[in-house]
Amino acid sequence: MPLLATNEVLYHDPGRRPLQDVLTCIREKTTIEAVGRKLEANAERFLKTPREMARLFRDVPEAISETMRFADRIEFSLDQLRYQYPDEPVPPGKTAQGHLEDLTWAGVDKYFGGKIDDKLRATLKKELALISELKYAHYFLTVHDIVHYARSQNILCQGRGSAANSAVCYVLGITSVDPTKVDLLFERFISKERLEPPDIDVDFEHSRREEVMQYVYRRYGRHRAAIIATVIHYRPRSAIRDVGKALGLTEDVTAALADTVWGSWGKGLNDMQVRQAGLDPQNPMINLAVELATELIEFPRHLSQHVGGYVLTQDRLDTYVPIGNAAMDDRTFIEWDKDDVDALNMMKVDVLALGMLTCIRKCFDLIDQHKGKRWVLATVPQDDPKVYDMLCAGESLGVFQVESRAQMNMLPRLKPRTFYDLVIEVAIVRPGPIQGDMVHPYLRRRNNLEKVTYPSPSPEHGPADELYKVLHKTKGVPLFQEQAMRIAIEAAKFTPEEANGLRRSMATFRNVGTIGQYEEKLIGNMVARGYDVNFARSCFDQIKGFGSYGFPESHAASFAQLVYISSWLKYHHPDAFCCGLLNSQPMGFYAPAQIVGDARKNGVEVREIDVSYSFAQNTLENTDGRYCAVRLGFRQIDGFHWLDEDEERLKRLQLSFRGTRSVNPESRDSQVRKCAPEFDAGASPRNDKKEDWADRIIKARNRRPFTSLEDFARDTGLPKRALILLADADAFRSLGLDRREALWQVRRLPDDVALPLFEAATAREQPDEHAKPLPVMPRPEQVVADYQTIRLSLKGHPMEFLREMFSRERIVACKEISHENERRRVRCAGVVLVRQRPGSASGVVFMTLEDETGIANVVVWPKVMEQYRKEVMGARLIEVQGYIQSSPEKVTHLIAQRMIDRSHDLVGLANDALSRKHPVPSGVTVVEPLNDDRRDHADMPAQKIRHPRNVRILPPSRDFH
């Protein structure tokens, strides 16, 4: 190789040298003081001009010439790659299109009994003809094959996306949205102009999605199927943490700075945030850290796996892109992200996870087991007016997509009465409609407060009803991404290529700025054709909102189906719904305490954890009442070991297929295992299996009922740690022991490993004693301990024990924040359940507070947020001073003007309760292991635990942005 001239460029300007040094420290996991010679020697690694390169290599000009000749010989271009989609799902002797058509008409017989009207038949034929013309039959067959496998394993799934809500996808079973209920134009999603593959996202139960993913690998082989990558970029929190570590700042300093940043919003830290972290913004090192972190924002941080997007190929995938083994067992990924894949028109199959589908499946199972009725997504009765009555009242805690405070407030205003109303409800509280100022006009028209009109061009430029077909379903107001697209085509006269470019620019989550290039053309064309300039600008503002978070009508229709089904379950089966939600955690906006409280409010009895009745999962127990009782399970106990049946099923499935070649013995996948090590299908799992304490309890009580704690300990063989957790969770009530007495008896039991001299496997370990009974544990202490151990309490709410103190201070309860008290100035305090700062809310923060009387919704305007950022972001119990504001629909908020962190009152409550605990016996036995971090007192012996003065009283809030 002749001499070449190069510079190994690392940055574009010499001024970037400090940032490059920090990145080197981050990569090497060291500090700037310790990195030494790993840094570049100087700042010469910047992008130099041709003239500067010629000057530097003036002694060897042939190197410059050779570099140019070498570059000219590089002729490879990505368009030389010829992507081929696999043809696995096509049976021998059939074409892909023929097989798709056969499945389609078979689906018509299945879902419609073979009887469909002429309109639907024409729609099916039209869609099939377009699929044939664009040669997409294989893609639809692949998705159908994956969905068919999931259904054969009783895994719930639901299709959505560009092409999912079509008549063909409905009769193929990919989606459960009836095409006769939602009129979506297929050409909007699959057309000749788009010149790119269709998009069908399929959501699967989040607890069983991995089973489906492993099926895809087995079906196509890991040398022909892989997950695409996602480039993770630096956000303010990660930037300040990494830069702080590199500069040698201590963990507490970087944590304090990072904690002033809300989610991933913002471009850096201002001086006020630094001061609120208790630091001096003028400190040189702090100032340098903030400056460098601000520069680092939006830099690529690391390569991650996509949430479920697969690329499948006919031949070897590594002929297109490098393949790597993922950190997770039996997963392979490529190094390209979705934009790279789209650039080559490679078809992507999205296998996504959705927690609500897990919840719904578990609800269906519970109803089948206890009520003898089996439901599936497609058989749930539709258009139940009582379900819509519940939603109109804003009673949607736990319901899919409409459980946020914004959605709960919108429900009484929109008053959904039909399925399409739910489609609108899902989509209306989104950045697009909000930023385009489309929400209030739609609500006014819906409530007959404003006349429905349709924007129109000047007579010489087109008919007055030009946009009627586009906007008539939403009363003349554009709410969906598809409508914005159609307005660009119909009103601004965008060409198909321009419209496709616009669509692509607003299809990127957290848009990177490409939408702006279409602003002048769209607004200018609409105004030139006679449209009102305000309407034109609102349309473009809406499109910009979709660029931040697009929500098309097709997605909203799929989600609306799950909104209705989860609402139907909540109304008709609140017992199963509560149980299903608890067994699907973590998911949603609300913690188990609020889910249980809502179920009890709706007439469901909830029973405490008990070793004689509970199972690992929360279960239902038959009663004489209208609903079954919910029995809390051992999974609610923090730190208790139990095995999830879905995870165990996956492990068994993976083990059975390791060492095999393919699901399909006729597949060409002869090299499926070459990307992974061989395994013996009969081998035992690795020794990292977690112990199942719950299973031990169930097996022991099936042999004989428990009569005493000592018998329980001997029969189950549980370790001391498990017994302490059960006792502190108050799970021995059926044995006549409350929490305090059970803890005392557990401490008297021998340690897990007895000395041989004293070991007697079958003998009773402790003599009977006639000790004086322990004093009854006060209710405040019981409630505090419940929250510490199982994150909820059936005995009360911590706030009720502070009510007397708050009343003396004239602090009102949450129930006092009602519409009857409009404009009244109040002081209210409550536990922070949820914090939200939507990107469409211009910096407004919404907080949900709770006390023993109910909840209160707090609005924190940006100026108040900046002044009280530390309190808003850090308080567990907060006092809000402000005034009450109510809407005509009686949706009420507390507008915050001043905020005070009252979390110390919770700690005081705990300390007061804990100070009344019984004396701790002497010795080296484990006495108080709960809610304690050994790292806080590593100098103490492992067997001894300090008195837990500063414990967690409540689980943390759930924050969204």
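Residues numbered from 1 in each chain as written. Predicted model: local features only at pLDDT ≥ 70, side-chain atom pairs only at ≥ 80, totals over all residues. Heavy atoms only, no water.

Peer 1: I'd like to hear about the overall build of the protein chain, residue by residue, with values.
Peer 2: Of regular secondary structure, the protein chain possesses 37 helices and 16 strands. Here the protein chain holds 961 residues, and 53% of them are scored as buried. For the protein chain, restricting intrachain contacts to residue pairs at least 6 apart in sequence, the fraction spanning at least 24 positions comes to 71%. If you sum the accessible surface of the protein chain, you get close to 44,200 Å²; carbon and sulfur atoms cover 52% of it. (Helix = DSSP H or I, 4+ residues; strand = E, 2+ residues; numbered from the N terminus. Buried < 20%, exposed > 50% of the residue type's maximum accessible area, 1.4 Å probe, protein only. Contact = heavy atoms within 4.5 Å. Areas by Shrake-Rupley, 256 points an atom, 1.4 Å probe, with all protein chains shown as cover.)

Peer 1: Account for the packing of aromatic side chains, with residues named and values stated.
Peer 2: What the rule picks out here adds up to 18 aromatic pairs. A ring pair is formed by Phe712 and Phe732, whose centres lie 5.2 Å apart and whose planes are at 85 degrees; its orientation type is edge-to-face. With Phe712 in helix α30 (residues 709–716) and Phe732 in the loop between α31 (720–728) and α32 (739–748), the pair connects residues that are 20 residues apart, well separated along the chain. Side by side, Phe712 and Phe732 carry an identical accessibility label, which is buried. It is Lys521 that lies over the ring of Phe494; its NZ or CZ is 5.9 Å from the centre. (Phe/Tyr/Trp six-rings, centres within 6.5 Å; stacked < 30°, edge-to-face > 60°. Lys NZ or Arg CZ within 6 Å of the ring centre and 35° of its normal.)

Peer 1: Could you give an account of the packing of helix α6 (residues 137–152) against helix α8 (residues 209–220), with specific residues and numbers?
Peer 2: Where α6 contacts α8, the two axes come as close as 10 Å, and the packing angle between them is 125 degrees. As judged from the angle between their axes, α6 and α8 are oblique. In the packing of α6 onto α8, the handedness of the crossing is right-handed. For the pair formed by α6 and α8, the contact residues are Thr142, Asp145, Ile146, Tyr149 and Ala150 on the first element and Glu211, Val212, Tyr215, Val216, Arg218, Arg219 and Tyr220 on the second. Of the residues belonging to the contact of α6 with α8, the class tally is 7 nonpolar, 1 polar and 4 charged. (Axes fitted to C-alpha atoms, helices over the stretch in contact; angles between N-to-C directions. Parallel < 35°, antiparallel > 145°, perpendicular 65-115°, else oblique. Left-handed = near helix turned anticlockwise from the far one by under 90°. Nonpolar A, V, L, I, M, F, W, Y, C, P; charged D, E, K, R; others polar.)

Peer 1: Can you lay out the confidence of the model for the protein chain for me, pointing to particular residues and giving the numbers?
Peer 2: When pLDDT is averaged along the protein chain, the result is 81; 83% of the residues meet or exceed 70. With pLDDT under 50 throughout, residues 661–688 is counted as low confidence; its partners more than four residues away or in other chains account for 47 contacts. Segment residues 913–951: pLDDT under 50, and 60 contacts once partners within four positions in sequence are set aside and those in other chains are kept. (pLDDT = per-residue confidence, 0-100.)

Peer 1: I'd like a description of unusual backbone geometry, backed by residues and values.
Peer 2: Omega for the peptide link from Gln585 to Pro586 comes to 5 degrees, which places this bond in the cis form. Along the polypeptide, Pro586 turns up in the loop between α26 (574–582) and α27 (592–601). The backbone of Asn448 sits at a positive phi, close to 60 degrees, despite the residue not being glycine. If you trace the backbone, Asn448 turns up in the loop between α19 (439–446) and α20 (468–471). A positive phi angle, near 70 degrees, is found at Arg823, a position not held by glycine. Along the chain, Arg823 turns up in the loop between α34 (803–808) and β11 (825–836).

Peer 1: Which residues make up the sheet that holds strand β5 (residues 323–325), and what values go with them?
Peer 2: Within a sheet, each strand pairs with its neighbour through backbone hydrogen bonds, oriented either parallel or antiparallel. With mixed pairing, 7 strands are arranged side by side in an open sheet as β1-β2-β7-β4-β3-β6-β5. The sheet is open, and its two edges are formed by β1 (157–160) and β5, each paired on a single side. Along the sheet, successive strands turn relative to each other by an average axial angle of 40 degrees, direction set aside. Pairing geometry for strand β3 (residues 225–233) and strand β4 (residues 300–312), over 8 bridges, is antiparallel. Across the sheet, residue His233 finds its bridge partner in β4, namely Pro300. (Pairing = 2+ DSSP bridges.)

Peer 1: Quick one: what's the story with the nonpolar core, residue by residue and with numbers?
Peer 2: Counting 131 residues, the largest nonpolar core has Leu522, Met526, Leu726 and Phe732 as its most contacted members. Grouped together as the second largest cluster of nonpolar side chains are 58 residues, Val168, Ile174, Val212 and Met346 included. (Core = buried A, V, L, I, M, F, W, Y, C linked by side-chain atoms within 4.5 Å.)

Peer 1: How would you sum up the pairing of strand β7 (residues 348–354)? Please name residues and give values.
Peer 2: Burial analysis of β7 places 6 of its 7 residues in the buried class, which makes it a mostly covered element. With 5 bridges connecting them, strand β2 (residues 201–205) and β7 associate as parallel partners. When the sheet's bridge partners are listed, Glu205 is paired in β7 with Leu354. Summarising the sheet, β4 and β7 pair through 3 bridges and their orientation is antiparallel. Within β7, the position partnered with Gly309 by the bridge is Asp350.

Peer 1: Please give an account of the pairing of β2 that cites residues and values.
Peer 2: Residues in a regular strand project their side chains so that they alternate between the two faces of the sheet. With respect to burial, β2 is a largely interior element, 5 of its 5 residues being buried. As paired elements, β1 and β2 share 4 bridges and run antiparallel to each other. Note that in β2 the partner of Gln158 across the bridge is Asp203.

Peer 1: Before we move on, could you go through the sheet that holds strand β8 (residues 606–607) and cite the residues and values that matter?
Peer 2: The strand order β8-β10-β9 describes an open sheet built from 3 strands, whose pairing is mixed. Both edges of this open sheet fall to β8 and β9 (619–621), since each of them pairs with a single strand only. In this sheet, strand β10 (residues 629–631) lies alongside β8 in parallel orientation, the contact comprising 2 bridges. Residue pairing for β10: Val606 is matched across the bridge by Val630. Packed on one face of the sheet, α26 meets β9 and β10 and runs near 155 degrees to β9.

Peer 1: Help me get a handle on the environment of Asn618, residues and values and all.
Peer 2: Tracing the backbone through its elements, the reader meets Asn618 in the loop between β8 and β9. Along the backbone, Asn618 and Leu582 are 36 residues apart, and their C-alpha atoms lie at a distance of 7.0 Å. Discounting chain neighbours no more than four positions away, the residues touching Asn618 are Cys579, Leu582, Asn583, Arg631, Leu632, Gly633, Arg635 and Gln636. Here Gln636 takes part through its side chain, which lies 3.0 Å from a polar atom of the side chain of Asn618. (Polar contact = N/O pair within 3.5 Å; in protein donor to acceptor, adjacent residues only side chain to side chain.)

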